[in-house]
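# Summary of structural features
The primary structure of each chain is shown beneath.
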Amino acid sequence: MIKANTHVYGVIGDPIEHSLSPALQNWLFKQFDLNAVYTAFQVHPQNLKEAVQAMSALNLKGLNVTLPHKAAVVEYCDKRSGDVDCLGVANTLSRESSGVSASVTDPQGFIESLGQMRTQFKDAEVCVLGAGGAARSILFALATLETGPVWVYNRTREKAEHLIRESKQAFGLSRARTLSESELNAAIESCRMVINTTSVGMYPQTDASPVRDDAPFSDQHFVYDLIYNPVTTRLLQIAEQKGAHTRNGLDMLIFQGLESLRIWTHADLRLSISQLNECRTLLKEQLYE
Ligand code: NAP
């Protein structure tokens, strides 16, 4: 029951009405028996600084930050984790005695979503589709996982080149290079994991795919699509038809949210497999409401 001593958390973004974070975090609070409530705040860019300052004024314990504020919010925070310095974005703010502290939980969310499989990708070749904000987090995660060579294909090749240059400088990504469209299928063939970080295939453009139908997937591939709406994208359909192991973006979403909660509570919170399944079901229901 919500009472006067219930801790208040939320997500800020613009637009925000389709965010799954309130459903996710309120479910997590219940699992861990926390006296807390989580809601969504639509914050226009011109009010971002005031929204961060309101954390102290209103005794808000923590905020998630989503588009379009992830980069702009950093300058309004008093402290930044090392990951925020590397990536230049934050998605988690926590109010501490020393002020507002900024963290980023997407890379950890991706790594944790791999479960026991994560060690299998050490030294493995990986193909990343896309070069936007999500791709940056994925490259950071791949550097942490110490994968082998990383091939980045993006519609706008210059952006991929820029991202690789920055990633080498900011967090020591090594052995990465861009691909042209004509090189993509050959690169896919030699890779163990293919990760889609583009928005191609996301609702409502569900017939679109970031790879061609003749992409040479096999049962040796692990194909990860960061998109979670739809749950099975055209890319994942193509990959599954050829026997590849696949994963959509729901688990990354769940684990980045869990990591935010760990930061806010300073507790080593873990989900059982049955809790994870329950959470996936809950979020899918929210998507199709
Ligand atoms: P972003 O910064 O806007 O980057 C978008 C990327 O998609 C760019 O590489 C862009 O290529 C590419 N793209 C967009 N439309 C395209 C098209 N028609 N053809 C080819 N490429 C196209 O977005 P983001 O923040 O990285 O997010 C990307 C996706 O990841 C979204 O679907 C988002 O929902 C998902 N995501 C999921 C999670 C999760 O937890 N599961 C977390 C973060 C993001 P150009 O550079 O050529 O424009």
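Data block above holds the structure.
Residues numbered from 1 in each chain as written. Predicted model: local features only at pLDDT ≥ 70, side-chain atom pairs only at ≥ 80, totals over all residues. Heavy atoms only, no water.

## Regarding the site of the ligand
Close contacts around the ligand come from 20 residues, with Ala134, Asn154, Arg155, Thr156 and Leu226 the closest. In the environment of the ligand, an oxygen atom lies 3.3 Å from a nitrogen or oxygen atom belonging to the side chain of Lys159. Interatomic distance of 2.9 Å between a backbone N/O atom of Leu226 and a nitrogen atom of the ligand. Protein chains bury 72% of the 930 Å² of accessible surface belonging to the ligand in isolation. (Near = heavy atom within 4 Å. Polar contact = N/O pair within 3.5 Å; in protein donor to acceptor, adjacent residues only side chain to side chain. Areas by Shrake-Rupley, 256 points an atom, 1.4 Å probe, with all protein chains shown as cover.)

## Focus on the packing of helix H1 (residues 21-31) against helix H9 (residues 250-265)
In helix packing, the relevant descriptors are the interaxial angle and the interaxial distance, both defined with respect to the helix axes. Relative to each other, H1 and H9 sit at 55°, their axes nearing to 10 Å. As the angle between them shows, H1 and H9 are arranged oblique. Crossing hand, H1 versus H9: right-handed. Here Leu24, Gln25, Leu28 and Phe29 of H1 lie close against H9, whose contacting residues are Leu253, Ile254, Gly257, Leu258, Ser260, Leu261 and Trp264. Here the contact of H1 with H9 is built from residues that sort into eight nonpolar, three polar and no charged. (Axes fitted to C-alpha atoms, helices over the stretch in contact; angles between N-to-C directions. Helix = DSSP H or I, 4+ residues; strand = E, 2+ residues; numbered from the N terminus. Parallel < 35°, antiparallel > 145°, perpendicular 65-115°, else oblique. Left-handed = near helix turned anticlockwise from the far one by under 90°. Contact = heavy atoms within 4.5 Å. Nonpolar A, V, L, I, M, F, W, Y, C, P; charged D, E, K, R; others polar.)

## Looking at the pattern of salt bridges
Two side chains with opposite charge may pair up if their charged atoms get near one another. Per the stated rule, a full pass over the model turns up 16 salt bridges. Here Glu112 makes a salt bridge to Arg270, at a shortest N to O gap of 3.8 Å. With Glu112 in helix H4 (residues 106-113) and Arg270 in the loop between H9 and helix H10 (273-287), this residue pair connects regions lying 158 residues apart in the sequence. Close ionic contact of Arg177 with Glu183 constitutes a salt bridge, the shortest N to O distance being 3.5 Å. What makes Arg177 partly exposed here is its relative accessible area of 38%. (Salt bridge = Lys/Arg side-chain N within 4 Å of Asp/Glu carboxyl O. Buried < 20%, exposed > 50% of the residue type's maximum accessible area, 1.4 Å probe, protein only.)

## Quick notes on the pairing of strand E5 (residues 92-96)
Pairing analysis gives three bridges linking strand E3 (residues 62-65) to E5, with the strands arranged antiparallel. Looking at the pairing, Gly62 lines up with Ser94 of E5. Examined bridge by bridge, E5 and strand E6 (residues 99-103) share five bridges and lie antiparallel to one another. Note on E6: the bridge partner recorded for Ser94 is Ser101. In this structure, the hairpin formed by E5 and E6 is closed by a connection of two residues. (Pairing = 2+ DSSP bridges.)

## Some words on unusual backbone geometry
Residue Pro68 is bonded to the preceding Leu67 through a cis peptide linkage, with omega at 5°. For Pro68, the position within the fold is in the loop between E3 and strand E4 (79-80). Unlike most non-glycine residues, His266 shows phi in positive territory, near 55°. On the secondary structure map, His266 appears in the loop between H9 and H10.

## Structural notes on the packing of aromatic side chains
Following the criterion strictly, the structure yields eight aromatic pairs and no others. Ring centres of Tyr9 and Phe29 lie 5.4 Å apart, and the angle between their planes is 50°; this geometry places the pair in the tilted category. Residue Tyr9 is found in strand E1 (residues 7-13), and its partner Phe29 is found in helix H1; the two are separated by 20 residues along the sequence. Across the pair, exposure class does not vary: Tyr9 and Phe29 are buried alike. The exposure class assigned to Tyr9 is buried, which follows from its relative accessible area of 6%. Joined through ring pairs, the aromatic side chains of Tyr9, Phe29, Tyr38 and Trp264 make up one cluster. (Phe/Tyr/Trp six-rings, centres within 6.5 Å; stacked < 30°, edge-to-face > 60°.)

## As for the nonpolar core
The biggest cluster of nonpolar side chains holds 49 residues, and the ones touching the most others in it are Leu93, Phe110, Val128, Leu139, Leu142 and Ile195. Those residues in contact with Val128 that lie beyond four places of it in its chain are Ala135, Ile138, Leu139, Leu142, Val150, Trp151, Val152, Tyr153, Ile195 and Thr197. Judged by nonpolar contacts, the second largest core, of 26 residues, contains Val11, Leu258, Leu269 and Leu283. (Core = buried A, V, L, I, M, F, W, Y, C linked by side-chain atoms within 4.5 Å.)

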